[in-house]
Amino acid sequence: MAALVVGCGADDPPPDPAEVPAGQAVVSAPTAHTLLLGAADPAELALTTSQQIFERSPVAVVAEAHDVDDGAADDGAADDGAAVRAAQASAAEALGAPALLVGGAVSAQGVADELGRLGAQVAVVVSAEPPGAGAPLGAGGAGESGGPDDATDDTWSDEGTAVGAELSEAEQAAATADVDVVHLRVSGLPDAGEDEPGALSAAEVASLQDDVGAALADGASPEPQDPAEVRLREVLALTDPQPGQEAAIATLRAAGAVDHAVPGGDIAASPESITEIDLAQALAVVGVGPTFGGAAEFAWRVEAAERGDLLPTGTQQLLPARYVTTVAEPSEDPAAVTARAAAAAEAYAGLGDGPVVPTVVVQAGAAAGRPAEERVAELEPVVDAARDAGQYVLLDVAAGDSALLEEVEPLEELLSSPGVGVALHPEDRVSDGVLPSQQVSVEEVQAVIAYIEGVVTNRGLPPTTVLVHQTRPESVVDRERLADVAAGTEAVEIVLAADRTGGPTTGEWVWNRVSDNVPDGVHTGWAGPTYLPAQGADLVPTDPAPLFVAGP
C-alpha cells in the first residue's frame, strides 16, 4: 500500500511560536527537499531529529540510551532496553512530543539544553521497572510525578545547577532544565505476536495524557493539535529501523511525518520503496540513520526514485546482473535489433547471479564534422526501441583525434535517459604528440566518468556504465588509478572489456592480459574469439566473472 502523505510543508512558513498557545507544540518541515539525519549514535540521532523538526514543545519524552550492540548486555538488560525504547516511542507519538535519549554522544546537559530550547515544561522520563518493584503504575508506570527539587543529595551539572546525586541521567537532565517530571515505568516486552510490541494501550495513553496535562503549568492537554496548523504536511520519512532509532522515528511520527521502511537503507535496490517515493511526491523527504549514505547521495537517490524509472534489472541498481551485448548500426531496423539482442541474451540464460540483460551497443561514430542534433536523431530510433523493450543501451563512441569527453558530450540528450551508458575505444586514438597512437591517459577516461556522473546525479537518473574496450592494459596509461575513481562514485560502474580479437588462443591471451590486476571496484567485460561457437556461454570466464559478455 502506498503512503498518503498529509498534514507544515516544505513550502509553507513555519508557525510563529509567539502566535501559538504555549501549550501547543510547533514543528517545521526541512527547508530543503531532502534532509539526511545520518548519526549512528542513537542519542545523537534523536537529538538532531528534535532540533531539525520541533521549534517548540511543552512536553518531551526522555529515556536513557541502552547499549544495543549484540552481546553487549545480558538478556534481561536487553529486554528492559527494548521495552523502554518501545514505550518511549509509543508515548512520544501519543503526546505529539519529541523523544530524547541521554547517553552515548549526548550528555544529560545536552538533553537539558534541548529541553530549554524547546521551552519544555514537562519531561516524561521512561525507565525500566526495578526488579521486585511490583506492577508498574498507571500507564506503564505513569502516575508518579515530581518537580525538579525532589532530590536530597546534590551533585552539579556542567553549568553549576544542583541536581540529585541519586537521579538517573534522564532525571538529571530534567532537573537541570528545571522541568516537572512524569515517570513512565515499564517492565519487559510482552510476548511476541502484537503488531507493535511494547506500545502503550489506549487506557495507558489516556492515563499518561491526564498525568502530563495535570503537570503542565496551565493544565493544558498534550493531545495532538490541529494538523492543519502545527503538524507536518507532505513530509515522508525514510527509515531503516534499527534498535536505538525508535526515538528519532517516533519524533518524526509525532510531528506528523509519514514513515516508510527501506531495507538496508538501499532505496535503489527496493522496487517497493521506489514506488512508494514516486507515488508520494512529498514536499520534503527525511532519511533516518547512517545506512542511507551521505547527504548528496541520499538527495540523488530520492530524486531518482521520484522519477520512478527502473533499469532492466527491475530496480535502480545495475547489479547483480550479467549484460550480454549485441552490436547494432543506427540504420538497422529497431525491431530487428531488439529481437536479435533478446535472442543473444537468451543463449546465456542462467549465467551467474541475477538477470541476464540484453544490451544493445549502438555505433555512435565520431563527432568530427557532424552536428550533435543530427547524430542524436540518427541514434534515437534504436535507443528508444531498446529501452522500450526493457534492454540496456551502450553508445559506442569512437576515439577519433579529439579528447574522449569531446566525443561524448554531444550525446548528452541520449545519456539523459535511464539505462543508457557509453563505451569508449582508446585504442582508436591517433597520437596527440604526447602519447603514442592507441593510448589515452587515465585522466581522459576519468573526465568522461566525472561528466557521466554529473549527468546521472543532476538529472536524478539510476546509475549507468562507462565501458572501456582494451586489448592491452597499457592502452589506458596508469589505469590502476581507476580504483580511486570507482571508490568515489556510486553513479557510474566502470568496466574494462577485453576486445574480441583473433581465434580462441588470441582471445584468451587478450582476456588474460586485460583482466590481470584489474583495479579494485572496476568490472571486466569479455568478448571471446572472433568466431564465437554455438557453445559460447561455456567459454565465459569465471575468475574474474565478467559483468559484460559479447553475444554471438
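Structural data are supplied above this passage.
Residues numbered from 1 in each chain as written. Predicted model: local features only at pLDDT ≥ 70, side-chain atom pairs only at ≥ 80, totals over all residues. Heavy atoms only, no water.

Turning our eyes to something else, we now look at the overall build of the chain. On a plain count of helices and strands, the chain comes out with 16 helices and 23 strands. Within the span of the chain, comprising 552 residues, buried residues form 51% of the whole. Looking at the chain as shown, the accessible area adds up to about 22700 Å², and 49% of this sits on carbon and sulfur atoms. (Helix = DSSP H or I, 4+ residues; strand = E, 2+ residues; numbered from the N terminus. Buried < 20%, exposed > 50% of the residue type's maximum accessible area, 1.4 Å probe, protein only. Areas by Shrake-Rupley, 256 points an atom, 1.4 Å probe, with all protein chains shown as cover.)

Attention shifts here to the packing of aromatic side chains. Scanning the entire structure with this criterion turns up 3 aromatic pairs. Residues Y323 and F548 carry aromatic rings whose centres are separated by 4.9 Å and whose planes lie at 15 degrees to one another, so their mutual orientation is stacked. Taken together, the residues Y323 in strand β14 (residues 322-328) and F548 in strand β23 (residues 548-550) connect sequence positions 225 residues apart. Taking relative accessible area as the criterion, Y323 reaches 2% and is therefore assigned buried. (Phe/Tyr/Trp six-rings, centres within 6.5 Å; stacked < 30°, edge-to-face > 60°.)

Read once around its circumference, the closed barrel built from 8 strands follows the order β14-β15-β16-β17-β19-β21-β22-β23, with strand pairing classed as parallel. Strand-to-strand twist in this sheet, taken as the mean axis angle between neighbours without regard to direction, amounts to 30 degrees. Here strand β17 (residues 420-425) pairs with strand β19 (residues 464-470) via 3 bridges, running parallel. Bridged to A423 within β19 is L467. Its contacts with the sheet put helix α11 (residues 372-388) on β15 (356-365), β16 (392-398) and β17, and the angle it makes with β15 is roughly 170 degrees. Running at roughly 145 degrees to strand β21 (residues 492-498), helix α16 (residues 504-515) makes contact with β19, β21 and β22 (523-526) of the sheet. (Pairing = 2+ DSSP bridges. Axes fitted to C-alpha atoms, helices over the stretch in contact; angles between N-to-C directions. Contact = heavy atoms within 4.5 Å.)

This paragraph deals with the sheet that holds strand β12 (residues 258-261). Taken in spatial order, the 4 strands of this open sheet run β2-β13-β11-β12, and their pairing is parallel. The open sheet has two edge strands, β2 (34-37) and β12, and neither has a second partner. Put simply, the sheet's adjacent strands are angled 20 degrees from each other on average, direction ignored. As judged from the 4 bridges shared by β2 and strand β13 (residues 284-288), these two strands associate in the parallel manner. Its bridge partner being in β13, L37 is matched across the sheet by V288. Relative to the sheet, helix α1 (residues 42-53) contacts β2 and β13, its axis offset from that of β2 by approximately 150 degrees. Along the sheet face, helix α9 (residues 295-307) touches β2, β11 (235-239) and β13 and points at about 130 degrees away from the line of β2.

With 7 of its 7 residues buried, β21 lies for the most part within the structure. Burial along β21 is two-sided: the face carrying V492, I494, L496 and A498 and the face carrying E493, V495 and A497 are both buried. As judged from the 7 bridges shared by β19 and β21, these two strands associate in the parallel manner. Paired with H469 across the two strands is A497, which belongs to β21. Examined bridge by bridge, β21 and β22 share 3 bridges and lie parallel to one another. What sits directly across from A497, in β22, is G525.

Moving on: the pattern of salt bridges. Counting across every chain of the model gives 12 salt bridges. Between E246 and R85 there is a salt bridge; the shortest N-O distance is 3.2 Å. A residue pair is termed long-range when its members are at least 10 positions apart, and E246 in helix α7 (residues 246-255) and R85 in helix α2 (residues 75-95) qualify at 161 residues. Residue class for R85 comes out buried when judged on its relative accessible area of 15%. Notably, a salt bridge pairs E444 with R429, separated by 2.8 Å at the nearest N-O pair. Of this pair, E444 sits in helix α14 (residues 442-458) while R429 sits in the loop between β17 and β18 (440-441), and the two are 15 residues apart along the sequence. Each member of the pair, E444 together with R429, is buried. The structure contains a network of salt bridges with shared partners spanning E93, R253 and D259. (Salt bridge = Lys/Arg side-chain N within 4 Å of Asp/Glu carboxyl O.)

Along the chain, the position of T338 falls in helix α10 (residues 334-346). Judged by relative accessible area, T338 falls into the buried class, the value being 13%. Each residue touching T338, except ones within four places of it in the same chain, is listed here: A385, A386, A389 and Q391.

Next up on the list: the nonpolar core. V124, L184 and L208 are the most contacted members of the largest nonpolar core, which has 69 residues in total. Membership of the second largest hydrophobic core comes to 47 residues, among which are V376, A386, V466 and A491. (Core = buried A, V, L, I, M, F, W, Y, C linked by side-chain atoms within 4.5 Å.)

In this section: unusual backbone geometry. Cis geometry marks the peptide bond from L319 to P320, where omega comes out at -5 degrees. Checked against the element boundaries, P320 lands in the loop between α9 and β14. The phi dihedral of E234 is positive, around 55 degrees, even though this residue is not glycine. As for its position among the elements, E234 is in the loop between α6 (227-230) and β11.

On to the layout of surface pockets. Of the volumes computed, that of the second largest pocket is approximately 360 Å³. Lining the second largest pocket are 24 residues; nearest its centre among them are T325, V327, H469, A527 and A550. Tallied by class, residues from the lining of the second largest pocket come to 13 nonpolar, 7 polar and 4 charged. (1 Å grid on protein atoms, 1.4 Å probe; cavity = no way out; pocket = protein on both sides within 12 Å on 5 of 7 lines; lining within 4 Å. Points joined across faces, edges and corners; volume = space filled by probe spheres on them. Nonpolar A, V, L, I, M, F, W, Y, C, P; charged D, E, K, R; others polar.)

Our focus in this paragraph is the packing of helix α8 (residues 271-280) against α9. Direction vectors running N to C along α8 and α9 enclose 80 degrees, while the axes themselves pass 7 Å from each other. Viewed along their axes, α8 and α9 adopt a mutual orientation that is roughly perpendicular. Contact residues: I274, I277 and D278 in α8; V302, A305, E306 and R307 in α9. Broken down by class, the residue content of the contact of α8 with α9 amounts to 4 nonpolar, no polar and 3 charged. (Parallel < 35°, antiparallel > 145°, perpendicular 65-115°, else oblique.)

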